[in-house]
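# Structural features, examined
Okay, here's what each chain looks like letter by letter:
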Amino acid sequence: SQSESLKGKKVLITTGGTIERLDPVRYLTNDSSGKMGFAIAEAALNRGAEVTVIAARIQGNPPAGMNVIRVESAEQMLQEVLARFDNMDIVIKAAAVADYRPAARAGSKMKKTDERLVIELERTTDILQTLGERKTAQFLVGFAAETEQVEHYAMNKLKRKNCDLVVANDVSQEGAGFNGNTNIVQIFGEEGRIDAWPMLLKSEVADRLLSLITERLRGKEAR
Ligand code: PMT
């Protein structure tokens, strides 16, 4: 319907798991497949939005017909997102971004020496928080992958990172979170928990999420 349309809206979505390299052949990453982010991208395209996806490590190939920029690390994702953020209407951060990266990256393959090896890690930049500080009119949606006290941590993220919505998944639940075709999410806004959806296909989560975003964006524009 007309009210569900995102025609003319620019939407930026991040997806996949970042890769933080230790040496030329080894890296730290996580189980994100990119499915959640690409499902949101498909749903946004179906509503007529102009969609850009920044994708780190994903399973398989990106769906055809969308503008996809490939990155590896949290730092590269940050740069690609920042280069586009100011022009966007909606930004949705479904990517699983590393919180830490190796403090040093070896130029050649690390050799085995001692029985134990300690790898020092340093913090990456929090992309979502950076966007929250920089945002003007953008509608900013963060994800939260939690295993306990979902509401508490989700609301905390929403406030600290200045998000309009946070989509929280309890990644310890069967059928939720990383890699599968389904997710179980709760949606938080500044007023608290807005909704809790049952286990749904990621495509259905994406569709409901975009309906909610569209409705809230209209409300924001009308104010
Ligand atoms: O890709 P799939 O296999 O389909 O799996 C989907 C998913 C489980 C990855 C997805 O639903 C999800 O929860 N994504 C967020 C995972 C995550 O990193 O959560 P977090 O609670 O650690 O981070 C919170 C938010 O901050 C996220 O929006 C994340 O993109 C962002 N972040 C985190 C760290 C960092 N350095 N920069 C960030 O922007």
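See the structure above.
Residues numbered from 1 in each chain as written. Predicted model: local features only at pLDDT ≥ 70, side-chain atom pairs only at ≥ 80, totals over all residues.

### Some words on the site of the ligand
- Around the ligand, the structure places 27 residues, and the nearest of them are Ser33, Lys35, Met36, Ile127 and Phe143.
- Contributing elements (two or more residues each) for the shell around the ligand: α1 (35-46), α3 (127-134) and β9 (139-146).
- Considering each element in turn, the shell around the ligand owes the most residues, four residues, to β9.
- Looking at the shell around the ligand residue by residue, the class counts come to 13 nonpolar, nine polar and five charged. (Near = placed C-beta within 6 Å. Helix = DSSP H or I, 4+ residues; strand = E, 2+ residues; numbered from the N terminus. Nonpolar A, V, L, I, M, F, W, Y, C, P; charged D, E, K, R; others polar.)

### Observations concerning the sheet that holds strand β4 (residues 50-55)
- If you walk across this open sheet you meet the eight strands as β5-β4-β1-β6-β9-β10-β12-β13, and the pairing is mixed. Either end of the sheet is taken by a strand with one partner, and the two such strands are β5 (67-70) and β13 (192-196). Across the sheet, the mean angle separating the axes of adjacent strands is 20° when strand polarity is ignored.
- Pairing analysis gives four bridges linking strand β10 (residues 165-170) to strand β12 (residues 185-189), with the strands arranged antiparallel. By the bridge assignment for β12, valine 166 is matched with phenylalanine 188.
- Of the strands in this sheet, β1 (10-15), β4 and β6 (90-93) touch α1, which is tilted by about 165° from β1.
- Across the sheet, helix α5 (residues 202-222) is in contact with β6, β9, β10 and β12; its angle to β9 comes to roughly 140°. (Pairing = 2+ DSSP bridges. Axes fitted to C-alpha atoms, helices over the stretch in contact; angles between N-to-C directions. Contact = placed C-beta atoms within 7 Å.)

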